[in-house]
Structure formats: C-alpha cells, structure tokens
Amino acid sequence: MRLIFIVGNILLLLGMMTVWVEGQRGGRGRSKGRKGGLSTSLRVPPGGQWRDPDTAKYYTNPKGAKITKASHFDLEYVLGHKVSFLCEAKGSPRPQITWFKDGIELYYHGFLQVHEWRHGDEKIKSKMEIDPATQMDAGIYECYADNKYAVDKRTFRTDFITVFD
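A brief structural summary. (Residues numbered from 1 in each chain as written. Predicted model: local features only at pLDDT ≥ 70, side-chain atom pairs only at ≥ 80, totals over all residues. Heavy atoms only, no water.)

Some points on the packing of aromatic side chains
To describe a pair of aromatic rings, you give the distance between the ring centres and the angle between the ring planes.
Logical step 1: Taken as a whole and assessed by the stated rule, the structure comprises five aromatic pairs.
Logical step 2: Here the aromatic rings of F85 and W99 are separated by 6.4 Å at their centres, their planes lie at 40°, and the arrangement is tilted. Separated by 14 residues along the polypeptide, F85 in strand β3 (residues 83–90) and W99 in strand β4 (residues 96–101) bring together distant segments of the chain.
Logical step 3: Classification of F85 as buried rests on a relative accessible area of 1%.
Logical step 4: The buried category is assigned to W99, whose relative accessible area is 2%.
Logical step 5: Between the aromatic rings of F100 and Y144, the centroid separation amounts to 4.9 Å while the plane-to-plane angle is 65°, which identifies the pairing as edge-to-face. Taken together, the residues F100 in strand β4 and Y144 in strand β8 (residues 139–146) connect sequence positions 44 residues apart.
Logical step 6: Residue classification places F100 among the buried residues on the basis of a relative accessible area of 17%.
Logical step 7: Through successive ring pairs, a cluster of aromatic residues spans F85, W99, Y141 and F156. (Phe/Tyr/Trp six-rings, centres within 6.5 Å; stacked < 30°, edge-to-face > 60°. Helix = DSSP H or I, 4+ residues; strand = E, 2+ residues; numbered from the N terminus. Buried < 20%, exposed > 50% of the residue type's maximum accessible area, 1.4 Å probe, protein only.)

Encoded structure:
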C-alpha cells in the first residue's frame, strides 16, 4: 500500500514538472507569432539525432515540401452539414497535396470535393470538403505534401455531434 502511494506521488510530481517545463517554453508546442497550427520549422526526430546523414539531409532540405498552414487538429461536425479541411504547403518544386482518411487515399466523388490553388512556383493551397457529412465521415484525415526533396503531413481527427431542435 505504501509503495503505491509513493509511486503515485512520483507520477504526480513528474506530471507537474512536465507542465512547468512546457510553460517555460511558451506553451504546448506552439511557437509564438506563427500562424496556422503547430510549429514545424524545427525538424528533429524524437530521439534528437538522425539515423544517418542522408536521412538528416532529406528531412532538413530547405527546398523540401513543408506544410505552412493547416486546419485545426480536432473537429466536431454536425450531421448533414459541410466539413472542410485546409492544407497549404510550399517547396521547390511546388509540392503535391494528397488527402487520406483512415490511411486510405481519398478520391473525388459526389459528396467529396478537393479544390487546389497554385501560388507562384513554390506554393499550393488545397481544400477538401465533404457535403453533406454523415456518421461514416468521422475518422482520422491526413494531408500529405510531398516533392522530390521531402514529405510533410498533418493529421486531423473528426467526430460528429448530434444536435436536437
């Protein structure tokens, strides 16, 4: 019983230290002054080091595809209404944007449209819309931006809410 109490206190202390450290860095992963979601300017693997120099060169290439703006991560939608996701990317050459739902590539059909706008030689904006949204549209969506130098992705989680009049 005493061991459980000690372990619980240690876990509580670690949790408090994590919150304090995140507060010292300016929040939970968001960089100050940056528009459009979480910061991706610092590309470092979770372990802090790349496996080899070629991997580091691939992921840190300044010409590589990089998502600069994306929709919010967590979206709740009302059944029968429109759901929209936005993804903007840059790179040289201009990246291609591909949309996925639950790991499967999405293609245009009667209730799903993908619109793309090209800006100059290096930027692209893509908007994916589902109208009308059903229960089957809940899931994990991903936006992949890729060119010959790198791949970047953003993930969005959706779930429906029921509104009673």
